[in-house]
Every structure is written in C-alpha cells, then in structure tokens.
Amino acid sequence: MAVVNKIYKYAEPNLTIVGWMGFIGFPTYYYVWAYLFPQPYENLTFRLICSLSLLALALRNFFPHYLKKYLPHYYLWCIGLCLPFFFSFMLMMNDWSSVWVMSFMASIFLHILLVHETKVLVTQCVVSIGFAFVLSYLITGEVEIHEIDWSYVPVFGFTYLFGNLFYFRNQLEHEARISLAKSFGAGIAHEMRNPLSALKTTVDLLKATLVGKEPNSPLISSHDRKEMSDLLDDANSIIQNGNEAIDLLLTSIDQNRVSRSTFLKHSVDTVLEDAISSYPYQSFDAQKAVTVDVKGSFDYFGSDTLLKYALYNLFKNAFYYQSESQFNLHIEVIAGETTNILRVKDNGLGIEESKVEAIFNDFYTFGKNGSYGLGLPFCRRVMRSFGGDIECRSVVGEWTEFTLLFPKYRSSTVQDIKFDLIRSKTILSIGTEFSINRSFNEQSFYLGYRLNYVSIEKALKLEEYQFEYDLIFIDLDSISEMDLNALETNLCFTEAKIIYLYDPSIEYHTNFNRFLQLSAISKLEMVNSFNDTLDRLIFVNEVEDRNRVPKKTTSFDRTVLLVDDNDSVRSLTSILLSQQGFQVIEAKDGNDVLKLVETEEVDVVIMDIEMPLLNGFEATKLLRSSLSEKANIPVIGHTGDNSSECIEQMKLVGMNDYIIKPATNDVLVSKLEHYI
C-alpha cells in the first residue's frame, strides 16, 4: 500500500493533464488510424473504454470522499490498461506494423514516467502484455509466432530496463538530496537548540529567583521587579519564536508546497495578536504605527505558525518600503458571508501596477539588498495551502494593500482538506464496546482513516513502538487499574492523543499518568455525535477535560542524576530542579553515569544524547545490559533533536522517555513526577 501511494503521489500533479489528453487522444487517433492513415485493425469500443477510464482520473477531485481512498489502486489499473495492455494488443493485432511499433515505444516512455517503481512497472508490463496476447488469440483464433518481429523485442526490453534504471537513479539522487537536507536541517536545529536551551533555563531561573524575593526586599524595588519580569517575558517570547522558526525549517525543508500535516482550527484574532506583539520592531514608534480593526472575528483551518510568519513577511515589507510621511500599517479582520478576510494596508511607496502580480514569483525582488525574493511567494503558498489566496492592490506613492482570503471553517474547501488529512490518520481502539466499534467501522469506510482494534490482553503485549497512532481510544469499563497503569507505561513514547471513554454513571479508578496527553469523553457523546467529536479530537488543539474522571494524588522520592556535557545547561537545570524539591546529582559524561548509579541512590536519570566520550545512547545501552540491580532505572533522554530517527534510537537502547530542549520547568517536573 505504501508503494502504491508513493507512485500515485509522484504522478498526482500531472494526472489532470494525462486524463484530459487521454480522454481526447484515444478517440481522436481512432479517426487518424481508421481513415487518414488506415491500419489493418482498429477498435473504437476499446478506445472509448480507455478514454472514459482516463476521464475518471481527470475528474478525480469530484469523486465522493469515500471513493477517493481507492484512487491510487484505480490509477495503477488505469495506466496498465491504457498503456502496456492497449498498445501491445494493438501491436499484435496490426501484425507488428511500423506505426504500432513506434506507438508501443512511445507508450514505454510514458509508462516509465507515470510508474517509476521498478517492481510495479515490470509486473504491470508482464501481466498486461500477457493478457493482450491471450485476448488477441481469442479474437483471431490463432497465434502466428512467425509473424512476430523478434528483432524489436530486445529494443523494447532495453528501453524498459535502462529507461527505468536511469529514472530510478535520478529518483534516488533526488531522495538522497532530500535526506541530506533533512539531516543538515536537523543538525542545525540541534546546534541552535542547545544555546536556546541554556537561555531558556537562565530565564526560568531568573524568573523564579525574582518571584521568590520578598515583596519589600531592599535589593529590588517593586518597580524594578516589574521591569525585570517584563524583560524576562520578552526574552521567553524571543526564545519561543526561535523554536518556531526551527520547527518551520524542519517541517518545510523537503516540501515543494506547504505541508498540511499540522493543520488545526485556530482563531485568527489570537494568531494576529501574537504576530503583532512578537514582531521585532525597530522602534517603539514603529509598533505604534500598527492599528487593528476587528469587524468580525473568525476561525480558520491551517497552521498558526505559518500564518504568523506570513504576516511577519507582510509587516517587514511594509516597514521597508514606508514613505517619509507619517507611516501607518492598518489591519482589518472581516468575517464575510462566503469568505473571511484579513487585510493589511500601509501608506508606503506603493507598487507599480505592472509589477503587482510579479511580486508573488519566486526570487523576484524590488529595491532590496540581501533579499532572495521568497517572502511573498511563501505567503501565497501558505494561503493556498489553507484553501484561500492572497491578493495585492496598490497605488504608487499612496498605499499598498494585501488581502488574505480564508475559506469559511465549515466550507466544502476546508472539508476537502480535512478529508485528505483524515485519510492519513490512524486510530487504535482498545477494548471498546460494540456500539462505538460500529461507529468507527462506518466512518472508516466513508472517511478512509486506518482503524485497528485490539483487546486489553493483546494491547498489554504490544511493544512501545507499536502504539504509533494519531488517536488511541481506551474503554475504562474494560480495564483494571493495574492493567491501565501497565498500559500507560507503554504509551509514554507515543505522540498520539489518548482518549479515555467512560460512562458518567460509573465511578472509576483515577490513578492516571500525569505525563500522558489524556482526554476524557463519555461514551454517550461518542455515539450520539461521533463525527463532530472525532473532528474535534483531530483538528482542534484542545484536550478534553481529563478531570471529568477525578485523579488521585501520588507520593514519590526525588533524586535525579542530571547528565550533560554543557556546563551551563547542566548547572542551570540543576538549580531549577533543586528549587522544585529534587535532589540533584550532576555528571558530564556517560562514563560517570555507570559509576554514580552504583554508588548513589538515584531514582531517575536525565541523559543528554550528544556527549564527547560516551554518548547517551551508548551509556544507556551499557546500563541496560549490565547485571546490576540498577539496570532498569528510568532514563529520560534530553536532546534538541526531535527527529523520528533519534526518538526511535532512544527506544531501541532502552530509554523510557525523552525531553526536547529547551524544556520549560513544568515539562521537566511533569516528566520526572511520572517516574519517581
């Protein structure tokens, strides 16, 4: 299935052209070969079947949602029918005429371009030509082997073999470059996150120290304390922006168009307010020049980070091209009847009418030094990925206005985007009852998400890596407290949203894992409003209140072994943890870990990954393989690399969990409380 989807994904941008050309071309060439340049054999019915098959590809976007999930398989069947099968059949029926030999050669090149995977290509070729041979025999009643011009067969074979190999090599090179870019980006992210982590820890420490001072302390006046607190909040905001920029780099580095994988429901007011407050203005007067008029707020479906960076680009351009007169940047938010609008207008230098459309072309710049002309094209890609667009109007010397157009949240455009995303989602249902399973099954057929059921007994036997789903539903009526605690341990590595299903009339055990991202939803709500509930769980960045099921308190010891070769990160994190009541032992290398766990009473290890002598992976592996009674001590990886490869490696060596640098104080404490 993965190979089929990959083939379809590569071909999809060209399928509309392929579909229409095939729909027109097949009947057109019937006239050419039947009347203009008559050939021994023609078949209008066969051509119309191929024509209509390709028309379905051209009109694929109009298919019902529940049929779209079958398009990759239909695509392979259609290409097999219309290329190797049709052309080899016509070649045999026309006694290997030169016209059909050349036509078959042309079909080979198209086949290689449209189906680039070698195994699938060869299978299609062999099966299609075999069926064509059988059909020609059934129609003619005989097989004239001596009429086959065998001299063409090596040419066909050579074309198929080496054409595919050359194409496949180019494909491998392209994917290798993408992989290198990902690795390079991950390396940059790791190196950037280390200093950001140190800064974050410093800020948290200063904030905690500041708040901890007595109100009437002679060292710091209340006025100075407030100013320092505001400065620290600004520093936190800058660090957050830096991490968002890193995330943007990592999620977009291999995308020709903007990835929709992180799209959720957002309030445009919230994102706009965040963009205006966090934009790095050159002066206080520049910030005062921004005014906002909300004529009607609205929600949109997309990425808050992408929209914020699109707005940054518009702000940057406006301030760069401001005129000498009193500058003003005015923003309007309008909830329209069919389209929502976010309008950004300035009274700057303006843009010539002939250049308005060109500004959205890649690498187009006007009067800027050190710019690559990628800002406005990025804005257009972002808006189009939301299902909207961006428009520009301007009068030279007077004003420039950018209008961001958003589809209504409940529109068919947004529903289509959601449907495409839902098809890639995976759901695991653990121990759920019949009525809910029936709803899962029905909607899986129409929406196309991948669904898997397991019993509680089977779920407890699964390995941690086998819980890689988007949503995991667990029926609290079917699981004991002890089994739930064991299951929660295996769910610590999953990034899925975990939903506990409960009956409001029943009281449950409530010793839930504080670290896990848990939601609590009643079974009645799931059954009565399944679609709305599922939509909310997938596309709304909110967690249903887990306190619907009351939670018990727990007690624990607090001894942490903190391992990090970066002195600043280690020292400052140690102070933060100490302020929270933890006993902290410090180490700067993996070798120290193996010694300290034997000589000290350590409850949990926070392990840095990148260390010069013995890194975190190797140290954990040695600890787990030792015969010591401390071999199973909880180990939490501490790293700036949140790639799937790094996380998978942490699992393989035996780490229990991980923390991504820079982590807030609350994240550190939450992680530790779960294990100690």
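For the structure itself, look to the data block above.
Quick caveat, the model's predicted, so the values are computed rather than measured.

Let us now look at the side chain of Ser128. Looking at where Ser128 falls in the secondary structure, it is placed in helix 7 (residues 118-140). Residue contacts for Ser128: discarding those within four places in its chain leaves Gly80, Pro84, Phe85 and Ser88.

The next point concerns a negative patch on the surface. On the surface, Glu598, Glu600, Glu601 and Glu629 cluster together to form a negatively charged patch. Within the secondary structure, Glu600 is located in the loop between helix 21 (590-599) and strand 15 (604-608).

Bringing the sheet that holds strand 6 (residues 389-395) into the picture now. Strand order in this open sheet of five strands is 2-4-5-7-6, and the pairing throughout is mixed. Strands at the two margins of the open sheet, each flanked by one partner only, are strand 2 (290-294) and strand 6. Put simply, the sheet's adjacent strands are angled 15° from each other on average, direction ignored. The sheet contacts of helix 10 (residues 268-278) involve strand 2, strand 4 (329-335) and strand 5 (339-346), and relative to strand 4 the element is tilted by about 170°.

Let us look at the sheet that holds strand 14 (residues 583-587). Pairing is parallel across the open sheet formed by five strands, whose spatial order is 14-13-15-16-17. Bordering the open sheet on either side are strand 14 and strand 17 (657-660), each of which pairs with just one other strand. Strand after strand, the sheet turns through a mean of 20° between neighbouring axes, direction not considered. Relative to strand 15, strand 13 (residues 559-563) runs parallel, the two sharing four bridges. Note on strand 15: the bridge partner recorded for Leu562 is Ile606. Along the sheet face, helix 20 (residues 567-579) touches strand 13, strand 14, strand 15 and strand 16 (635-639) and points at about 170° away from the line of strand 14.

Quick look at the nonpolar core now. Inside soluble globular proteins, nonpolar side chains tend to come together where they are buried. Among the nonpolar cores identified, the biggest contains 67 residues, and Leu307, Leu311, Phe315 and Phe473 are the most heavily contacted of them. Top contributing element to this core by residue count: helix 12 (residues 304-320), with ten residues. In contact with Phe315, not counting residues within four places along its chain, are Ala275, Ile276, Tyr279, Leu329, Ile331 and Val344. Grouped together as the second largest cluster of nonpolar side chains are 43 residues, Trp33, Leu71, Ile79 and Phe85 included.

Attention shifts here to the packing of helix 3 (residues 44-58) against helix 5 (residues 71-93). Contact geometry of helix 3 with helix 5 gives a least axis separation of 10 Å together with a crossing angle of 150°. When the axis of helix 3 is compared with that of helix 5, the two are roughly antiparallel. Two packed elements cross with a definite hand, and for helix 3 against helix 5 that hand is left-handed. Across the interface between the two elements, Phe46, Arg47, Ile49, Cys50, Ser53, Leu54, Ala56 and Leu57 of helix 3 pack against Tyr74, Tyr75, Trp77, Cys78, Leu81, Cys82, Phe85, Phe86 and Phe89 of helix 5. When its residues are assigned to classes, the contact of helix 3 with helix 5 shows 15 nonpolar, one polar and one charged.

Right, let's talk about the packing of aromatic side chains for a bit. Scanning the entire structure with this criterion turns up 35 aromatic pairs. Note on Phe263 and Phe386: the rings are 5.4 Å apart at their centroids and 75° apart in plane angle, and the pair reads as edge-to-face. Taken together, the positions of Phe263 in the loop between helix 9 (222-252) and strand 1 (264-267) and Phe386 in the loop between helix 13 (375-385) and strand 6 put the pair 123 residues apart, joining distant regions of the chain. You can call Phe263 buried: its relative accessible area is 2%.

The rules behind the values
- Residues numbered from 1 in each chain as written.
- Predicted model: local features only at pLDDT ≥ 70, side-chain atom pairs only at ≥ 80, totals over all residues.
- Heavy atoms only, no water.
- Helix = DSSP H or I, 4+ residues; strand = E, 2+ residues; numbered from the N terminus.
- Contact = heavy atoms within 4.5 Å.
- Patch = residues over 30% accessible without salt bridge, like charges linked within 9 Å, V, L, I, M, F, W, Y side chains within 5 Å.
- Areas by Shrake-Rupley, 256 points an atom, 1.4 Å probe, with all protein chains shown as cover.
- Salt bridge = Lys/Arg side-chain N within 4 Å of Asp/Glu carboxyl O.
- Lys, Arg positive; Asp, Glu negative; His and termini not counted.
- Charge placed at Lys NZ, Arg CZ, Asp CG, Glu CD.
- Pairing = 2+ DSSP bridges.
- Axes fitted to C-alpha atoms, helices over the stretch in contact; angles between N-to-C directions.
- Core = buried A, V, L, I, M, F, W, Y, C linked by side-chain atoms within 4.5 Å.
- Buried < 20%, exposed > 50% of the residue type's maximum accessible area, 1.4 Å probe, protein only.
- Parallel < 35°, antiparallel > 145°, perpendicular 65-115°, else oblique.
- Left-handed = near helix turned anticlockwise from the far one by under 90°.
- Nonpolar A, V, L, I, M, F, W, Y, C, P; charged D, E, K, R; others polar.
- Phe/Tyr/Trp six-rings, centres within 6.5 Å; stacked < 30°, edge-to-face > 60°.

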